[in-house]
Amino acid sequence: MPTAIKPHRRRSQPVGMTYQFLPEVKKYTTKMAASGETMLKKPHVGKKRKPPTRYWEGTEENGKNDGKKQKEGDNNKQTPQQNKKRTKEGGKRGGAGEKILSGKSDPFPGSAPVPEEKLKKFKRGEKGELPPRPQYKLRDVVVRSEAASDLAQKQNARYDLMLPEDAGFLEGDEDEDTCTISQDDIADAVDITAGAKYFNLTLSQFGPYRLDYSKTGRHLLLGGRRGHVTCLDWQSKQLMCEMNVMETVNDVKWLHSEALFAVAQKKWLYIYDNKGIELHCIRKFNDVLRMQFLPYHFLLATASATGFLQYLDVSVGKEVVAICTKAGRLDVMAHNPHNAIIHLGHSNGTVTLWTPNQREPLVKMLCHQGGVRSVAVDKTGTYMVTSGMDKKLKVYDIRSYRPLQSYFLPAGASCLSLSQRGLLSAATGDIVQVYRDVWGTPVTKPYMAHRAKGSVWGVHFCPFEDVLGVGHGEGFTSMVVPGAGEPNFDGLDANPYRSAKQRQEWEVKALLEKIQPELIGLDPSQLSQVDHSTWEQRHEDRVQALGFDPLAKEKFTPRLKTKGRSSSGKVEKRKKQVAHEDQRDVIRQTVEDRMKIDKERKEKEKKEAAAAGQKSALDRFRK
Amino acid sequence: MVSPKIFSQSTNTLPANKGGYCPQHPVGEVTRKHMAVRIILLFIHINAMKVKVLSRNPDDYVRETKLDIQRVPRNYDPSLHPFEVPREYTRALNATKLERVFAKPFLASLDGHRDGVNCMAKHPKSLSTMLSGSCDGEVVWNLTKRECVRTLQAHEGFVRGMVVRFCGTSFFTVGDDKTIKQWKMETPGYGEEEEPLNTILGKSVFTSIDHHQKEGVFVTCGQQVDIWDEQRSSPIRSFSWGVDSFSCVRFNPVETELLASCASDRSIVLYDMREATPLKKVIMNMRSNTLCWNPMEAYNFTCSNEDYNLYTYDMRYLDKPFTVHMDHVSAVLDVDYSPTGKEFVSASFDKTIRIFPKDSGHSREVYHTKRMQHVISIKWSSDNKYILSASDEMNIRLWKANAAEKLGLLAPREKAAVNYSQKLKDKFQHHPQIRRIARHRHLPKSIYSQSKELRVMKEARRRKERNVRKHSKPGSMPVVTEKEKHVVTVVK
């Protein structure tokens with residue numbers, strides 16, 4: 001029964017092919033157009049040598065070919081039409097070296113190519129498999145959306161070339177270590193505005209200081225251990241407020257904008273506005289030691305001396321959840337900017353990962369022997385850097401929880417901070433070291449180093465600037481670290497130059513798209529993935545309710561045929577023809593793939609052989 | 001601002017003195033020997049470091065004058081925009097909620113009839129014109145100014161059907177007085193009498209009329225289906241197939257020679273105008289009231305049935321409907337397709353209007369008001385934006401086809417925002433939270449309880465069938481799908 005086989009054959013066209021090669025199609029056509037002329041020169045029929053004559057060619061030739069042309073008749077007639085079609089296609093794409101009216105050819109035909117790594121930067125996830133052909137509507141939807149996202153990716157990559165700023169850098173002479181270059185040298189070498197970013201604030205009375213930069217990087221908040229709290233626009237050095245809260249200050253943190261900040265004081269958590277007016281005293285949050293602010297969730301996460309991890313929703317002023325970690329005093333805390341998970345370091349050397357949705361830690365990692373002193377997570381949520389009492393600095397891949405690097409620092413690092421471009425600052429005693437690319441090749445020397453006046457209490461990279469803020473016993477130092485900050489900011493997300501009106505508008509928009517705390521999880525893109533398990537459960541329920549499976553495939557029953565064609569043997573044969581129909585495509589695909597690979601390999605070998613060995617005289621005897 | 005290579009002029013500075021740090025020797029242990037070595041080193045390389053520090057010129061990022069718009073430099077790097085999916089989800093959720101907030105579909109009620117409105121007709125050329133016929137023989141014209149333009153006494157008794165000629169210059173009405181009348185579209189001048197252009201006296205009552213899309217031919221139905229030439233006073237062709245009465249007849253708008261009619265013997269009959277006999281018919285469990293062809297897919301039509309359902313058929317395969325559309329809780333009286341052919345609207349005896357996507361089994365929207373009684377006739381306007389419903393209590397109501405749509409001109413940014421939020425809603429439509437909000441509709445208590453009751457009854461029937469199947473010989477009780485249940489037979 002050949003009719004039964006036919007559909008298979010048709011379906012056996014590799015399903016993924018059209019889709020996989022979607023971008024390739026273009027390439028193919030341009031190639032066609034480019035080689036169009038040469039292709040046309042080839043004989044259409046075996047005998048014919050010359051292409052059909054054209055009226056614009058010389059009249060002599062015309063006369064010559066006249067006789068031939070009549071002879072060849074029909075075959076000849078078709079070629080001009082095909083020719084036209086092809087040139088038309090070629091015209092659209094602008095094939096390489098194609099001539100235009102003036103006789104010049106475009107040396108760069110078509111649109112400019114986009115560099116591969118740029119495209120990779122804007123890639124979001126892998127492409128899924130296309131649904132099978134019978135679901136043609138869904139298939140169409142998927143193909144269209146894939147095409148749209150490809151286009152967006154390409155456009156983004158193109159736009160990336162037009163970004164105005166380049167990142168900073170610092171290079172020493174051949175034998176010179178960049179870490180020996182002092183801040184004064186850098187400040188002297190660069191222009192005045194950039195040089196002014198290196199400055200010291202001598203505040204010896206109320207130190208040591210903790211600090212925080214606002215999300216846009218314009219504003220600096222300093223909190224001295226002995227109660228001195230001040231916030232300023234650090235670039236213009238304009239003081240916004242200064243006060244002494246007459247209590248121990250454990251930590252300070254900007255909230256979503258530069259209008260509000262939180263101060264963890266001796267007993268309670270306080271919220272002030274940028275004039276220094278106390279807005280709230282939150283008595284539910286006591287003995288807070290460290291704070292982290294999750295800007296897209298409007299959550300202030302606090303870790304307290306009593307072992308509680310608490311979340312405060314600052315947009316509504318409610319406590320979201322209070323988790324008793326049962327891990328003692330919590331004074332090491334970091335948050336993962338990629339998925340808003342809180343990392344806590346403990347005195348037994350473990351680092352635990354928390355969300356507000358679960359009372360237990362998501363992950364517990366043993367990172368150090370002895371206590372953890374500091375934790376930092378990079379912007380993409382790939383790497384975690386920890387330092388411990390064992391004087392080690394370790395780098396982990398927190399997608400797979402694998403250790404990548406381990407360094408030994410003679411003095412051990414007390415504070416860590418990661419910049420937007422992946423520089424790591426580590427404070428050891430009164431020295432701040434900056435390392436570059438700690439997760440790649442093992443680092444032997446710091447990128448930069450600087451000695452502060454007192455023992456360092458807090459380090460923080462300024463977003464969108466090449467600046468590292470260092471809070472220490474004698475005040476505050478703003479260090480210039482070339483290459484630390486992201487050079488190009490996004491005006492709709494964090495704009496350092498925004499006006500008051502723009503800030504208001506941003507605030508409204510940001511509040512409208514506040515992410516609910518329930519959506520915090522290890523994988524932030526989980527919402528966009530297909531939920532197979534729920535579907536299966538629902539399908540099971542449906543089968544239960546209906547009493548049959550509505551999606552079940554109908555069993556094949558061979559039709560009754562007359563004249564001996566329904567003998568049991570024939571029926572079995574017919575059944576065999578449709579058996580394992582679903583697997584056939586897969587099998588055929590794999591066989592085809594294998595054959596293709598084999599063929600490629602053989603060709604490659606042949607080429608290599610041709611390239612490598614000159615033909616020896618003995619080759620002729622080879623089979 | 002900063003040239004990429006700046007060579008420092010300070011050559012003889014000692015970094016250690018200025019707070020520089022030598023990694024090999026922790027600070028504080030710099031011995032004299034070391035210092036000497038380093039000084040020499042520094043003298044040898046005349047300090048040729050290269051440095052560049054980010055230093056932005058504010059003029060590039062701030063607008064020049066207050067009259068300019070603000071500058072917003074963009075960087076689309078995904079790592080600068082974390083939580084892409086949760087933020088989009090939140091936006092989609094907000095968009096869905098706002099859609100429900102702004103869902104105010106009712107626009108106007110056109111009153112003026114003195115009896116229930118029985119039929120309506122769209123004008124093929126003018127969006128602002130629409131015709132309605134009531135039970136006391138009046139024909140009223142309505143405009144988007146929401147006022148009646150012209151009233152005329154067309155028939156004695158009910159006006160059963162009306163249709164505007166494809167050119168829009170005249171229209172036809174049929175009534176209970178067994179007449180077909182053709183009228184001019186223009187209002188008669190001052191002093192002129194309201195008189196029909198043509199009057200044809202038939203033998204029996206006509207129940208429905210439809211006009212050919214291109215030619216001067218129209219079709220009526222009553223005891224049989226008659227095809228008339230506009231120039232003649234007797235039908236050029238009559239079809240009957242052992243039935244005594246038809247309730248509705250419609251020309252196919254694409255394949256213009258095809259016709260379909262609903263007959264009182266629970267059948268839908270298909271005809272070709274060029275042939276002498278009907279093509280085929282499908283007999284269903286209950287009677288269909290009206291039908292409407294899909295204006296974009298020539299072979300599909302939807303019929304409104306007495307058994308509370310609507311059925312979409314492919315005319316090539318009549319043995320089972322393409323889709324069964326359920327949700328009404330009483331007989332469906334009328335149906336009309338949107339001009340895009342993607343959706344249709346149905347009017348029901350349960351005092352509601354429902355909008356169905358053409359390939360979905362359940363409605364996406366339900367409209368009702370406190371005062372609206374049994375909806376008899378329904379039309380979807382030719383610009384795909386409005387729905388007109390005519391009901392028992394003498395009113396014609398104007399509704400929006402998309403309940404939350406903003407009417408009037410939209411600014412480009414508004415349009416972009418609408419498109420964006422629509423895309424987001426589509427993307428996340430299957431998420432339970434969003435689906436719950438998007439599907440929520442307030443229903444009158446009677447309809448709510450009735451639909452609940454129907455659901456219980458259906459479930460009970462299904463359970464019984466399941467039990468019977470469980471206790472009978474395997475294969476003896478085949479599964480009959482919902483689509484197959486309602487068709488009795490197809491006759492050719």
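What counts as what
- Residues numbered from 1 in each chain as written.
- Chains lettered and ligands numbered in written order.
- Predicted model: local features only at pLDDT ≥ 70, side-chain atom pairs only at ≥ 80, totals over all residues.
- Heavy atoms only, no water.
- UniProt positions renumbered as here; feature names shortened; annotations may be inferred.
- Buried < 20%, exposed > 50% of the residue type's maximum accessible area, 1.4 Å probe, protein only.
- Helix = DSSP H or I, 4+ residues; strand = E, 2+ residues; numbered from the N terminus.
- Pairing = 2+ DSSP bridges.
- Contact = heavy atoms within 4.5 Å.
- Buried area = accessible area lost by both parts, 1.4 Å probe.
- Salt bridge = Lys/Arg side-chain N within 4 Å of Asp/Glu carboxyl O.
- Polar contact = N/O pair within 3.5 Å; in protein donor to acceptor, adjacent residues only side chain to side chain.
- Nonpolar A, V, L, I, M, F, W, Y, C, P; charged D, E, K, R; others polar.

Named according to an unreviewed UniProt entry, chain B is DDB1- and CUL4-associated factor 13 originating from Hucho hucho. What the UniProt record of chain B gives under Pathway (unreviewed entry) is the line "Protein modification; protein ubiquitination." For chain B, the Sequence similarities (unreviewed entry) comment in UniProt is given as "Belongs to the WD repeat DCAF13/WDSOF1 family."

Where an unreviewed UniProt entry is consulted, chain A appears under the name WD repeat-containing protein 46, with the organism given as Hucho hucho. Looking at chain A in UniProt, the text filed under Subunit (unreviewed entry) is "Part of the small subunit (SSU) processome, composed of more than 70 proteins and the RNA chaperone small nucleolar RNA (snoRNA) U3. Interacts with DDX21, NCL, NOP2 and EBNA1BP2." Turning to chain A, the UniProt annotation filed under Subcellular location (unreviewed entry) states: "Nucleus, Nucleolus".

Asker: What should I look at first to understand the pairing of strand β24 (residues 423–428) of chain A in this one?
Answerer: Note on strand geometry: in a regular strand, side chains alternate between the two faces of the sheet. All names here are of chain A. Taking burial as the measure, the six residues of β24 include six buried ones, the bulk of the element. Burial of the side chains of β24 extends over both faces: L423, S425 and A427 are buried on one face and L424, A426 and T428 on the other. Note that strand β23 (residues 415–418) and β24 share four bridges and pair antiparallel. Bridge pairing in β24 places L416 opposite A426. Between the antiparallel neighbours β24 and strand β25 (residues 431–436) lie two residues, among them G429 with a positive phi of about 65°.

Asker: Sorry, what's going on with the interface of chain A and chain B here?
Answerer: Accessible area lost when the parts come together is the quantity often used to give the size of an interface. At the interface, 81 residues of chain A touch 59 residues of chain B. When chain A packs against chain B, the two sides together hide about 6500 Å² of surface, and 57% of this comes from carbon and sulfur. If you sort the residues of chain A by the area they bury against chain B, Y497, E513 and L527 of chain A come out on top, with a joint share of 10%. On the surface where chain A and chain B come into contact, there are nine salt bridges. In this structure, the salt-bridge partner of K137 of chain A is D359 of chain B, at a minimum N-O distance of 3.8 Å. At the surface where chain A touches chain B, the tally comes to 24 residue pairs in polar contact (both at pLDDT 80 or more). If you list the elements that add at least two residues to the side of chain A that touches chain B, you get α8 (136–160), β1 (169–171), α9 (183–189), α10 (192–195), β25, β26 (448–451), α11 (500–512) and α12 (532–546) of chain A. Of the residues that constitute the side of chain A that touches chain B, the class distribution is 34 nonpolar, 22 polar and 25 charged. Pairing of β1 of chain A with strand β1 (residues 50–52) of chain B involves three bridges; the strand directions are antiparallel.

Asker: Quick question: what am I supposed to make of the environment of G161 of chain B here?
Answerer: Residue and element names in this part refer to chain B. Positionally, G161 belongs in strand β7 (residues 159–164). Considering only alpha carbons, one finds G161 and I209, 48 residues apart in sequence, at a separation of 5.6 Å. For G161, the residues in contact, after removing those within four places along its chain, are C119, F172, T173, V174 and I209.

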